[in-house]
Amino acid sequence: MGSWHARHLLASDVATLTGIYDIKPERCALARENGIGVYASVEELLADETVSIVTIATPNQLHKPLAIQAMAAGKHVISEKPVTLSSEDLQEIFDASKKYGRLFTTHQNRRWDPDYLMMKKAYASGELGEVFGVESRIQGSRGIPGDWRGHKEFGGGMLLDWGVHLIDQMLGIVYDRRVEKLSCRFEHITNYEVDDGFKLDLFFEGGCVGRIEVGTSHFISMPRFYMTGTNGSAMVNDWREECRVVCCKNWDEKDVIPVVTAAGLTKTMAPRDEKTITESKIERPESDVHDFYRNFCLAVQGKAEQIVTQPQLMRVMKIMEAAFLSDKTGAVVALNDTIC
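Here's the deal with helix α6 (residues 114-125)
Helical geometry: 3.6 residues make up each α-helical turn, so side chains three or four residues apart lie on a common side. Here α6 is twelve residues long and its end C-alpha atoms lie 16 Å apart, about the 16 Å a rise of 1.5 Å per residue gives. Those residues of α6 not exposed but buried are Pro114, Asp115, Tyr116, Met118, Met119, Ala122 and Tyr123. Buried residues belonging to α6 abut β4 (131-139), α7 (158-173), β8 (225-229), β9 (232-236), β10 (243-248) and β13 (277-282). Directly after α6, the chain includes glycine 126, whose backbone phi takes a positive value near 80 degrees.

A look at the pairing of β9
Working note: regular strand, side chains alternate between the two faces of the sheet. Residues Gly232, Ala234 and Val236 line the buried face of β9, whereas the alternating positions Ser233 and Met235 sit on a face that is not buried. Direction of pairing for β8 relative to β9: antiparallel, over a ladder of five bridges. Looking at β9, one finds that methionine 227 is bridged to alanine 234. Where β8 hands over to β9, the hairpin turn is made up of two residues, counted between the paired strands. Looking at chain direction, β9 and β10 are connected through four bridges and run antiparallel. Pairing of glycine 232 across the sheet is with cysteine 247, part of β10. Here β9 hands over to β10 after six residues, the two strands then running antiparallel side by side.

What to know about the sheet that holds β8
Strand order in this open sheet of nine strands is β13-β10-β9-β8-β4-β7-β6-β5-β14, and the pairing throughout is mixed. Here the strands that pair on one side only, and so sit at the sheet edges, are β13 and β14 (333-334). Running over the sheet, α7 touches β4, β5 (179-187), β6 (197-204), β7 (209-215) and β8 and is turned about 155 degrees from β7.

Side note on the packing of helix α4 (residues 63-72) against helix α5 (residues 87-100)
Where α4 contacts α5, the axes come no closer than 9 Å and their chain directions differ by 5 degrees. By the angle between their axes, α4 is roughly parallel relative to α5. Contacts between α4 and α5 involve Lys64, Ala67, Ile68, Met71 and Ala72 on the former and, on the latter, Asp89, Glu92, Ile93, Ala96, Ser97 and Tyr100. Looking at the contact of α4 with α5 residue by residue, the class counts come to seven nonpolar, one polar and three charged.

Reading the values: the criteria
- Residues numbered from 1 in each chain as written.
- Predicted model: local features only at pLDDT ≥ 70, side-chain atom pairs only at ≥ 80, totals over all residues.
- Heavy atoms only, no water.
- Helix = DSSP H or I, 4+ residues; strand = E, 2+ residues; numbered from the N terminus.
- Expected span 1.5 Å × (residues − 1).
- Buried < 20%, exposed > 50% of the residue type's maximum accessible area, 1.4 Å probe, protein only.
- Contact = heavy atoms within 4.5 Å.
- Pairing = 2+ DSSP bridges.
- Axes fitted to C-alpha atoms, helices over the stretch in contact; angles between N-to-C directions.
- Parallel < 35°, antiparallel > 145°, perpendicular 65-115°, else oblique.
- Nonpolar A, V, L, I, M, F, W, Y, C, P; charged D, E, K, R; others polar.

As structure tokens, then:
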């Protein structure tokens, strides 16, 4: 992700990449080859008065000390996710942000994913009626990446890696309800130290359930998003596709033709036709993930409110902590109003 940030900043219309620091000499050499400035140490970077914003892209356990050190040096900070491994550590960062008068946020870049934006639009439109289920899945077959992400001490595991994004997205879709309780189960198929997959159910007030699944041993993937309400359903099968929306226009179908199944006839599961349903699509929106940096730079100048706020970061962190507790105890965990 450090390279990702560097590429975007080199082409940025709001910020200039002053330089990078990496503990690996080969990464520093690569930066020099590409005409990017390289600092000899973190201290040298933080001493550079021309630097106003520091982006941290390191293993998770290093985010907190580096963020606090940078803010103490007068820098605004963007951290890769998850910011920390606990809400207590996250609060220490927030306290430092207030103490030193510097802005702090996390790179929640997947708020700009077109598949997420389409599902957010489907929910907000009201076209599906009262939404009672939202499913979000990321499934692959290659296990956990073979680096620090497979180790607990570094903040590895899929809940902290992918869950932090998918929880944030779910809260953005079901924006008008609080989470009352949750249930989570981890998978340990290829890794026993940290989770290599999980199933997390968020129970929102009013009866809506948000199901979040991440799996790293799936050779056939289920739809990326699936949403259902009292009047219809919406689905994004793959992140590259449009959102399909099917709504009911006639519930009182009298002449239902039974479907012949292996064990007999059924009217309950008989398919609908154009006489009783309407079908439409939500087109993939234009989206520019660099709007994250545009917003942060405006916030630094006092010209805009931050898109990714500290209360939002804490809400996601508290939910992840409750998910760890649910898996450990095998119980549903209730969430109070101060969390969600």
